[in-house]
Amino acid sequence: MAPSMVVDCVQEIIKYLENDINSLYSCLLVDRFWCANVVGFLWKRPFHFLEQPSRALIRTYVSCLSKEQHKLFEEAGVELPLKRPIPTFNYAVFLRELVLTPLYKSVSDWLLNVVDELGDHDVKRWKLYKGSAANFVDSKSQRRLVVKELCKLFFLRCPTFDLLDVTEKRIALDIPDEDFLLYNYPGARVCLANLHELNYTGYRNIDFFTSMSQICREIRRLHIWSLGSFCAQNLALLIRMQNRLENLTLVDCDHGMKAVFSELKKHKKTLNLLELHKVNCSGITLDAVSTFEKLVSLKISSCGEASGFLMNPRNLENHSMNLKEFYCIGTCIPTESICNIIQLANQKLLKLTIDQLVKNQGSSNIYLTVAQYCPQIAYIDLAWQDHEQRQLITLLNSCRLLTYLRIRTNYYAGRVNATGFLPQLGEALPRSLRDLHLDWDFSVEAMHEFFQNCKAPLKTLVFHQNCRISNDHLKVIIGYAVEKQTLKILRMECCDASRELLKKAARVIDVVTSFTR
């Protein structure tokens, strides 16, 4: 079969199935040729496919260990079968993504069930030696030994790693600090030299980042959780030593952000994604963010007050951004700063989400800035107040390629009755719109007039918690769905409609979801 199907072609086919483990297994069983080509993909990132701990995965890797390592296990009380299978492949060679937490969990599961792996003769022999099968229990020392020997195997056999994940999920793993010092294993420096992605929980008081900065120069994606104050400077050093950082995610980081962002300037021509979640933004200014020329996505969430997130107006003339997505949830950024970001992104901005603003600052200028600079925008999710009707209409008249629109009730405004405004909104909606999310109260008559004026073939319609849907409201929606034949999804988060009417709606709309308050 090999002569008739070029290896390169097979490899390209398999790449499309890289995330489909069932299809990969099917290809593995075709014949030897396919097996030899698929096995590398299947064992490239085995931890990625795990939904729960896998003792079979550990059993396979243990079979690849040397006799000396097996002897270490037995001396530590980890009994192995006398007849151990010879592995078909050297599976450790294929590994490219090492994820510590599922490795620990799988080793624990394997140790807890190791008695099931033994034959009758092995169990009898082990009972005579230990006195009871009750000794087949997981212990911290056994688990650490197995993980240590497997890591030695990986670092010695693997030519390179693409991803290293040493995030701890804090669910009774109790992993010692020393076990995170993976760079000390023989072969680790070669293996990690071309690492492209690093995920790390940084609350541990170990010099992880400094050591990694001496090894790694090619990290593209960096994801950090729970960064302690003692780690911030070392993280800044790691960032400085990289050649072209592209993605940075920081979660639950309270200290040292000024130093981190200072070093990020080195990557202003390569950084394309920046995510901040529960980060202290006091040391961050918009002047710093605006220097990232290639930044495509900026996501800021649950960062609280960010009143210092400002920009010198003169810099608007000297900078431009390639920003396509700006997401700001649970973070109060001054309206002026948001408008500056929109202006810098200009026509490149395609997706905008802002759920709340600094108190006493409305969204009027944001709507007008979007209308002026972002006519190509396709996705808008913004806070809104009743006195901003004109500005919203201006935006809709300018942005005629809009496909998604969510209008949130401003965090400080409370419940809004939009009976008088809803018909105008229906008339202003662009024909390109497919998804509409509303969060207001309005009368049945206003809803009926809204649908009469609406020229957009809506596919998704969502009414959020501040919008109470009655039987009469739902009748109007059903009438629209029957007439237009485009509505596929209806979600009502505060619905008083009867079951009978909901069943009727489900007959004409593919997905109907309702909640009662």
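None of the values given here were measured: they were computed from a predicted structure. (Residues numbered from 1 in each chain as written. Predicted model: local features only at pLDDT ≥ 70, side-chain atom pairs only at ≥ 80, totals over all residues. Heavy atoms only, no water.)

A. Geometry of the overall build of the chain. Scanning the chain from N- to C-terminus turns up 21 helices and 15 strands. Taking all 517 residues of the chain together, the buried fraction comes to 52%. Of the contacts made within the chain by residues no fewer than 6 positions apart, 76% connect residues no fewer than 24 positions apart. Accessible surface computed for the chain: about 23,900 Å², of which carbon and sulfur atoms make up 49%. (Helix = DSSP H or I, 4+ residues; strand = E, 2+ residues; numbered from the N terminus. Buried < 20%, exposed > 50% of the residue type's maximum accessible area, 1.4 Å probe, protein only. Contact = heavy atoms within 4.5 Å. Areas by Shrake-Rupley, 256 points an atom, 1.4 Å probe, with all protein chains shown as cover.)

B. Quick look at unusual backbone geometry. The phi dihedral of Asn-346 falls on the positive side, at around 55°, and the residue is not glycine. You can call Asn-346 partly exposed: its relative accessible area is 30%. Phi at Gln-485 takes a positive value of approximately 60°, unusual for a residue other than glycine. Relative to the elements of secondary structure, Gln-485 occurs in the loop between α20 (471-484) and β14 (489-492). The exposure class assigned to Gln-485 is exposed, which follows from its relative accessible area of 57%.

C. Region of interest: the side chain of Thr-486. Position of Thr-486 relative to the elements: it lies in the loop between α20 and β14. If sequence neighbours within four positions are ignored, Thr-486 has contacts with Pro-457, Leu-458, Lys-459 and Tyr-480.

D. The arrangement of helix α15 (residues 335-345) in detail. Most of α15 sits inside the fold, with 9 of its 11 residues counted as buried. Burial in α15 covers these residues: Thr-335, Ser-337, Ile-338, Cys-339, Asn-340, Ile-341, Ile-342, Leu-344 and Ala-345. Its buried side turned inward, α15 meets α14 (286-289), β7 (297-305), β8 (325-332), β9 (351-354) and α16 (364-373). The first or second residue beyond α15 is Asn-346, which carries a positive phi of 55°.

E. Seen up close, the packing of aromatic side chains. Within this structure, the stated rule accounts for 18 aromatic pairs. Relative to Phe-154, the ring of Tyr-61 has its centre 4.9 Å away and its plane inclined at 75°; by these criteria the two rings are edge-to-face. Taken together, the residues Tyr-61 in helix α4 (residues 55-63) and Phe-154 in helix α9 (residues 140-157) connect sequence positions 93 residues apart. Relative accessible area serves as the criterion here: at 0%, Tyr-61 is assigned to the buried category. Residues Phe-155 and Phe-161 carry aromatic rings whose centres are separated by 5.3 Å and whose planes lie at 55° to one another, so their mutual orientation is tilted. The residue whose ring lies beneath Lys-351 is Tyr-379, and the NZ or CZ to ring-centre distance is 4.5 Å. (Phe/Tyr/Trp six-rings, centres within 6.5 Å; stacked < 30°, edge-to-face > 60°. Lys NZ or Arg CZ within 6 Å of the ring centre and 35° of its normal.)

F. Inspection of the confidence of the model for the chain at higher detail. Per-chain confidence: the chain averages 85 in pLDDT, with 85% of residues scoring 70 or above. Residue range residues 118-138 is modelled with pLDDT below 50. Its contacts to residues more than four positions away, or to other chains, number 29 contacts. (pLDDT = per-residue confidence, 0-100.)

G. Representation of the environment of His-473. Within the fold, His-473 resides in helix α20. A relative accessible area of 7% means that His-473 is categorised as buried. Filtering out sequence-adjacent residues up to four positions away, His-473 remains in contact with Phe-442, Ser-443, Val-444, Met-447 and Arg-468.

H. Representation of the pairing of strand β5 (residues 247-253) within the structure. The element β5 is extensively covered by neighbouring structure, given that 6 of its 7 residues are classed as buried. In this sheet, β5 lies alongside strand β4 (residues 221-225) in parallel orientation, the contact comprising 5 bridges. Counted as the bridge partner of His-223 is Thr-249 from β5. Where β5 and strand β6 (residues 273-279) come together, 6 bridges link them in parallel fashion. Residue pairing for β6: Leu-248 is matched across the bridge by Leu-274. (Pairing = 2+ DSSP bridges.)

I. The arrangement of the pairing of β6 in detail. Since β5 and β6 lie parallel, the crossover through helix α13 (residues 257-264) that links them has a hand, and here it is right-handed. Pairing of β6 with β7 involves 5 bridges; the strand directions are parallel. Paired with Glu-275 across the bridge in β7 is Lys-299. (Right-handed = clockwise from strand over helix to strand, strands pointing away.)

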